[in-house]
Amino acid sequence: MSVAVLPYTVKPHPVTGVYSGKLGTWLFLASEVMLFGALFSSYVLLRVGAPATGPAAWPSHAETELSWKIGGFNTLVLIISSVTMVMAWASLKMNDLAKARKFLGMTVGLALVFIIVKLLLEYIPKFQAHHTPSHSNFFALYFTLTGLHALHILGGVIVITYFIFPGSSLWKKDPEYYTNRIECTGLYWHFVDLVWIFLFPVLYLM
Amino acid sequence: MSEGHHDQHHNHQHHPELSYWRKYIFSVDHKTIGIQYALTALVFLFLGFCLMMMMRWQLAYPGKAMPVIGNLFGEGNMPGGVMLPEFYNALGAMHGTIMVFLGVVPMVVGGFGNYIMPLQIGAPDMSFPKINMASYWSFFLGGVVMLASFFVPGGAANSGWTSYAPLSVIATQGQTYWLLGMVFLITSSLLGSVNFIVTIIQLRAKGLEFFRLPFFVWAQFVTAFLLLLAFPPLEAAAVLQLMDRLAGTSFFMPEGLVVSGIPQAYVGGGSPLLWQHLFWFLAHPEVYVLILPGMGIVAEVIANNTRKPLWGYRPMVYSLIFLGFMSFVVWAHHMFMTGMGTKISAFFATTTMIISIPSVIILTALVISLYRGCIRFNVPMLFALAFLPMFAIGGLTGLPLGLPAADIHLHDTYYVIGHFHYVVAPGTIFAIFAGIYHWYPKVTGRTMNSALGKIHFFLSFVFINAVFMPMFFQGMAGVSRRLYDQTMYAHGDAVQSLTRMSSWGAWMLGLSQLPFILNFFMSLVAGKKVNQNPWEATTLEWAAPSPPPHGNFATVPVVYRGPYEYSVPGIRGDYFPQHVAAEA
């Protein structure tokens with residue numbers, strides 16, 4: 001089809017200096033900022049407007065039973081995964097597909113560590129302690145925000161896995177095109193990490 | 001340029017290999033997708049109109065059995081042909097939802113934008129053809145979910161198109177479908193808007209600087225930014241409301257809520273106002289999504305049919321950009337009655353007054369463009385000309401609503417209905433008709449019948465005013481907008497004759513669309529065949545064959561001048577197309 005022969009699919013536009021996919025990714029991330037921005041705003045509004053006493057009151061730190069150690073560990077995991085993502089792109093720039101796939105694999109592995117820790121050490125114990133979304137607005141926000149973030153992580157895992165296996169055949173046909181795609185995936189991945197960097201203090205520390 | 005030639009070559013090679021499904025159903029060609037969007041949207045516009053014509057029966061003759069079709073809707077909705085209040089509410093909510101999210105926006109952005117914009121910038125296609133296809137099919141799925149909701153227990157969503165909480169949270173199952181449908185529609189518009197912006201930035205033809213873009217492209221550009229940035233907060237709101245409905249959270253549920261004497265099982269602490277803020281943060285920019293592409297179409301038609309350049313093209317573009325920015329800071333003027341505080345109200349009243357200025361600049365520029373023009377009164381031009389006073393009525397009646405003191409009286413009355421319908425119905429819908437008559441020859445290679453078009457125009461113009469003009473007076477008499485039967489109140493009963501006038505106007509307006517429907521299909525086979533530029537226009541879409549082949553242009557166009565070089569002194573003929581090199 002005509003997909004590959006549209007101008008500026010691979011080469012940067014001489015005036016804007018970017019190829020179309022990168023511009024599109026940035027615009028997509030702008031809309032993601034608005035999505036999470038709306039949710040963080042809801043957090044602020046609900047917390048400020050919460051009644052001082054009664055079942056709907058905002059829980060204190062001790063009551064939420066969120067462990068900053070687990071959250072901190074997961075923050076570290078995601079930051080390292082961002083580094084491996086950059087290493088994958090850098091390896092492609094140095095023409096080393098095998099190394100890039102190794103780093104992409106590490107990124108996926110770290111993402112899965114994040115998900116498993118979240119699920120086994122946080123979500124399931126919370127449900128067992130009846131700290132479900134309907135328990136209070138704090139937990140409603142906690143599950144909605146971290147759940148939506150986890151869905152973004154899973155989306156990233158699917159995309160990166162695709163590029164490790166079937167997607168990497170593009171490397172043989174057009175290495176620059178493949179490198180660009182990894183770069184865009186990386187932009188998305190860093191954004192997802194950044195969301196967590198905001199979520200962690202808001203939910204675990206504040 | 002070699003890339004472009006290569007593209008042509010490539011496409012011709014591969015064209016015959018496309019199967020029927022790839023060519024017409026799962027196509028990645030922006031023109032096919034544009035036609036898919038437009039046809040689907042026209043069907044939804046018609047459907048939304050039908051819902052409203054049914055509501056108008058209940059309003060005009062409350063409690064009377066609907067003649068002929070009354071018994072088709074089942075005992076659960078219309079026992080004995082008499083509409084139940086619940087069904088009336090569902091029709092109202094779905095009329096708004098279908099018209100806004102499945103009708104007008106997909107028509108002006110998905111349909112006109114997809115088809116015309118890449119042609120006007122001289123591009124072979126959109127930047128991301130596959131994403132373009134995904135955008136259409138996501139929209140289609142959203143439409144299917146919305147339609148399916150009519151058949152679930154309790155019927156379709158019935159909490160108004162605004163879905164205000166807590167009513168919507170405790171509403172019947174149809175509301176869940178509404179929210180899921182919105183998620184698909186929001187995804188669709190996200191994919192579409194990214195594609196539009198990237199295409200306009202990256203794929204303009206050589207020489208097509210930003211200030212040589214047709215006004216329509218500018219309108220699409222600003223609109224795409226509004227869609228990109230305003231829709232995600234509604235997506236967030238939809239997720240939160242889904243959580244409230246399905247997981248029992250209390251995002252929008254206050255403490256101690258009692259409904260019909262039954263205490264609700266929500267822990268509370270949520271804020272119904274939060275929903276309104278998130279909803280209107282989308283829905284006010286959405287108003288500009290509805291109107292800006294319409295302005296773009298009207299600007300194209302007016303420049304072409306006055307045979308002179310648009311007056312004040314640059315101020316119009318600056319106004320458009322300013323409108324785009326301002327539309328993000330006026331949303332709470334829909335919420336003056338919520339008790340959010342006079343200081344906040346004062347802020348939003350001020351921004352609302354400010355945003356009226358750029359709209360007036362654009363409209364004034366379009367009116368002045370007519371001055372000393374050599375006007376051709378063809379069908380698209382008639383619709384474009386009617387757009388000007390109709391949009392002006394819609395816009396000016398909005399000013400009292402933007403001031404808290406006046407809004408207290410008018411809020412949630414028929415006055416509001418009259419106001420925004422004047423913007424969207426004889427405003428945007430007339431612009432859509434202007435666009436259809438104007439670009440039909442480009443899409444099909446044939447013109448639409450002019451006599452039928454004029455009958456369509458004059459009847460529509462008379463009856464659409466008969467529908468909406470009485471609403472201002474009803475509203476000022478204090479009739480609330482969501483009443484199922486206004487005759488139960490003395491002040492409503494006193495103006496019931498106006499309601500009947502509106503209703504008859506609506507039904508006659510429905511009949512007035514028959515010449516259009518006839519014309520639309522007949523002209524496909526019986527319309528006069530035309531060359532590539534039947535209107536003698538200057539912009540790039542008329543440099544492509546009618547209809548344009550896959551890949552659009554026979555030779556890649558190069559642009560030498562601004563978009564509306566009509567009646568240039570010293571040039572033979574009264575138009576000087578953008579892609580024609582100066583005569584040496």
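All of these numbers come straight from a predicted model, not from anything done at the bench. (Residues numbered from 1 in each chain as written. Chains lettered and ligands numbered in written order. Predicted model: local features only at pLDDT ≥ 70, side-chain atom pairs only at ≥ 80, totals over all residues.)

In terms of helices and strands, chain A carries 7 helices and 0 strands. Dimensions of chain A along its principal axes, counting C-alpha atoms only, are 65 × 35 × 25 Å. The buried share of chain A, reckoned over its 206 residues, is 36%. Contacts spanning at least 24 positions in sequence make up 73% of the contacts within chain A whose residues lie at least 6 apart. (Helix = DSSP H or I, 4+ residues; strand = E, 2+ residues; numbered from the N terminus. Buried ≥ 20, exposed ≤ 12 C-beta atoms within 10 Å, placed from the backbone. Contact = placed C-beta atoms within 7 Å.)

All names here are of chain B. Examined against the element boundaries, Asp407 turns out to sit in helix H13 (residues 404–410). The buried category is assigned to Asp407, around which 22 C-beta atoms lie within 10 Å. For the pair Asp407 and Met335, spaced 72 residues apart in sequence, the C-alpha to C-alpha distance is 9.8 Å. Contacts of Asp407, omitting those with residues within four sequence positions, involve Phe336 and Leu401.

Once that is clear, we can look at the confidence of the model for chain B. The predicted coordinates should not be examined in detail at positions where pLDDT is low. Residues and elements named next belong to chain B. For chain B, per-residue confidence averages 93 on the pLDDT scale, and 97% of positions sit at 70 or higher. Contacts for the low-pLDDT stretch residues 1–14, under 50 throughout, to residues beyond four places or in other chains number 16 contacts. Two summary scores accompany this predicted model of the complex, namely pTM at 0.95 and ipTM at 0.95. (pLDDT = per-residue confidence, 0-100.)

All names here are of chain B. Membership of the largest hydrophobic core comes to 221 residues, with the highest contact counts inside it found for Ile121, Ile197, Val298, Phe383, Phe387 and Ala434. For this core, the leading source of residues is helix H7 (residues 215–246), giving 22 residues. What Val298 contacts, discounting residues up to four positions off in sequence, is Leu366, Ala384, Phe387, Ala431 and Ala434. (Core = buried A, V, L, I, M, F, W, Y, C linked by C-beta atoms within 7 Å.)

Taken residue by residue, the interface counts 37 residues in chain A and 42 residues in chain B. Contributing elements (two or more residues each) for the side of chain A that touches chain B: helix H1 (20–49) and helix H5 (137–164) of chain A. Its residues placed into classes, the side of chain A that touches chain B shows 23 nonpolar, 14 polar and no charged. (Nonpolar A, V, L, I, M, F, W, Y, C, P; charged D, E, K, R; others polar.)

Okay, helix H3 (residues 68–93) of chain A next. All names here are of chain A. Along its 26 residues, H3 runs 38 Å from first to last C-alpha, staying within 8% of the 38 Å computed at 1.5 Å per residue. Residues of H3 that are buried in the fold lie against helix H4 (97–128) and helix H7 (175–205). In the segment just after H3, Asn95 is the residue with positive phi, at about 65°. (Expected span 1.5 Å × (residues − 1).)

Residue and element names in this part refer to chain A. Two elements in contact, H4 and H5, have axes separated by 10 Å at closest approach and are oriented at 155°. When the axes of H4 and H5 are compared, the pair comes out roughly antiparallel. As H4 packs across H5, the resulting crossing turns out to be left-handed. Mapping the contact onto sequence places Arg101, Leu104, Gly105, Thr107, Val108, Ala111, Leu112, Phe114, Ile115 and Lys118 in H4 and Thr146, Ala150, Ile153, Gly156, Val157, Ile160, Thr161, Phe163 and Ile164 in H5. Residues of the contact of H4 with H5, tallied by class, amount to 12 nonpolar, 5 polar and 2 charged. (Axes fitted to C-alpha atoms, helices over the stretch in contact; angles between N-to-C directions. Parallel < 35°, antiparallel > 145°, perpendicular 65-115°, else oblique. Left-handed = near helix turned anticlockwise from the far one by under 90°.)

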